Amino acid sequence: MKVYGINGSPRKNKNTATLLQKALDGVKESAKDKEIEIEIINLYDLNYTGCKSCFACKRLGSKSYGKCAVKDDLQEVLEKVSQADGLIFSSPVYFSNVTGQLLSFLERLLFPYLVYDNNGTSLAPKRMPTAFIYTMNVKEELMKQIGYLKTFERMEFNIGHIFTKPLVMYSNNTYQFDDYSKYKVESFSEEEKAEYRKIQFPLDCQKAFEIGVNLIKN
Ligand SMILES: Cc1cc2nc3c(=O)[nH]c(=O)nc-3n(C[C@H](O)[C@H](O)[C@H](O)COP(=O)(O)O)c2cc1C
């Protein structure tokens, strides 16, 4: 069995990547005696674009029907990810959405499997369990108030339609800099952030771990 963690953050050891690793640790833990391999795909290491709207994936008789025809670093990744036994997506929130890199990846992953028929049939070869981890600067109350969840839920719906509905977690009020004194940051109190992180981040790590434990049920 193989589970992939998709890191939609440019940073490989900060909030998003740490929680993603915890979730994958949870997957390993749940696997117990089953053979399970995990792999992180760092999207920012890859050279690719979003969907180019070539529609080769929808063209009748095309050898790319149901597949992305764009030739770049994602070609091989999309192939292996489609055979996964579990997928965990993770992203920081940039301007109220997932990062551009993750959005481009999702366009390329999901769109070729969506049939333009009346049911929006999914051509995905496997309907593997999925999860989504979001990290962001805003606190939970503000995240809800300003409508982030609506945006997130739309993409979760698309993932659910093509694969399966994701398990979801949010990590709020994240610590952005190692040393706040080196940056111009007047709108947050470092003291408050540090205190919150000390208490909340270990709980978020635990939540991520549990998402991993619960990802694969049998
Ligand atoms: C370009 C950019 C845009 C951001 N936009 C938002 C935003 O709209 N809302 C928010 O809550 N945080 C925003 N943030 C903060 C990040 O989402 C947050 O610090 C996140 O936890 C960083 O994840 P990382 O540590 O894995 O890089 C933004 C950060 C950057 C660099």
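See the structure shown above.
Residues numbered from 1 in each chain as written. Predicted model: local features only at pLDDT ≥ 70, side-chain atom pairs only at ≥ 80, totals over all residues. Heavy atoms only, no water.

(A) Looking closely at the pairing of strand β3 (residues 86-94). The buried fraction of β3 is high, at eight of nine residues. Strand direction decides the pairing type here: strand β1 (residues 2-7) and β3, joined by five bridges, are parallel. Each bridged residue has a counterpart across the sheet, and for I6 the counterpart in β3 is F89. Alignment of β3 against strand β5 (residues 130-135), held across six bridges, turns out to be parallel. Bridge assignment links P92 to a residue of β5, and that residue is T135. Strand direction decides the pairing type here: β3 and strand β4 (residues 97-98), joined by two bridges, are antiparallel. Following the sheet pairing, Y94 is matched in β4 by N97. Between β3 and β4, which pair antiparallel and follow one another directly, the connecting turn spans two residues, one of which, F95, has a positive phi of 45°. (Buried < 20%, exposed > 50% of the residue type's maximum accessible area, 1.4 Å probe, protein only. Helix = DSSP H or I, 4+ residues; strand = E, 2+ residues; numbered from the N terminus. Pairing = 2+ DSSP bridges.)

(B) Region of the structure containing the packing of helix α1 (residues 15-31) against helix α6 (residues 190-215). The N-to-C vectors of α1 and α6 enclose an angle of 40°; their axes lie 6 Å apart at closest approach. In this view, α1 runs oblique relative to α6, as classed from their interaxial angle. In this structure, the crossing between α1 and α6 has a hand that is right-handed. Across the interface between the two elements, N15, T18, L19, K22, A23, D25, G26, V27, E29 and S30 from α1 touch R197, F201, D204, C205, A208, F209, G212, V213 and L215 from α6. Partitioned by chemical class, the residues of the contact of α1 with α6 number nine nonpolar, five polar and five charged. (Axes fitted to C-alpha atoms, helices over the stretch in contact; angles between N-to-C directions. Parallel < 35°, antiparallel > 145°, perpendicular 65-115°, else oblique. Left-handed = near helix turned anticlockwise from the far one by under 90°. Contact = heavy atoms within 4.5 Å. Nonpolar A, V, L, I, M, F, W, Y, C, P; charged D, E, K, R; others polar.)

(C) Molecular detail of the side chain of K193. By secondary structure assignment, the location of K193 is in helix α6. Although K193 is buried, it forms no salt bridge, and the closest oppositely charged side chain is E192 at an N-O distance of 6.4 Å. A polar contact is formed between the side chain of K193 and the backbone oxygen of T174, at a distance of 2.8 Å. Excluding its chain neighbours within four sequence positions, the residues that come into contact with K193 are N137, N173, T174, Y175, Y180 and F188. (Lys, Arg positive; Asp, Glu negative; His and termini not counted. Salt bridge = Lys/Arg side-chain N within 4 Å of Asp/Glu carboxyl O. Polar contact = N/O pair within 3.5 Å; in protein donor to acceptor, adjacent residues only side chain to side chain.)

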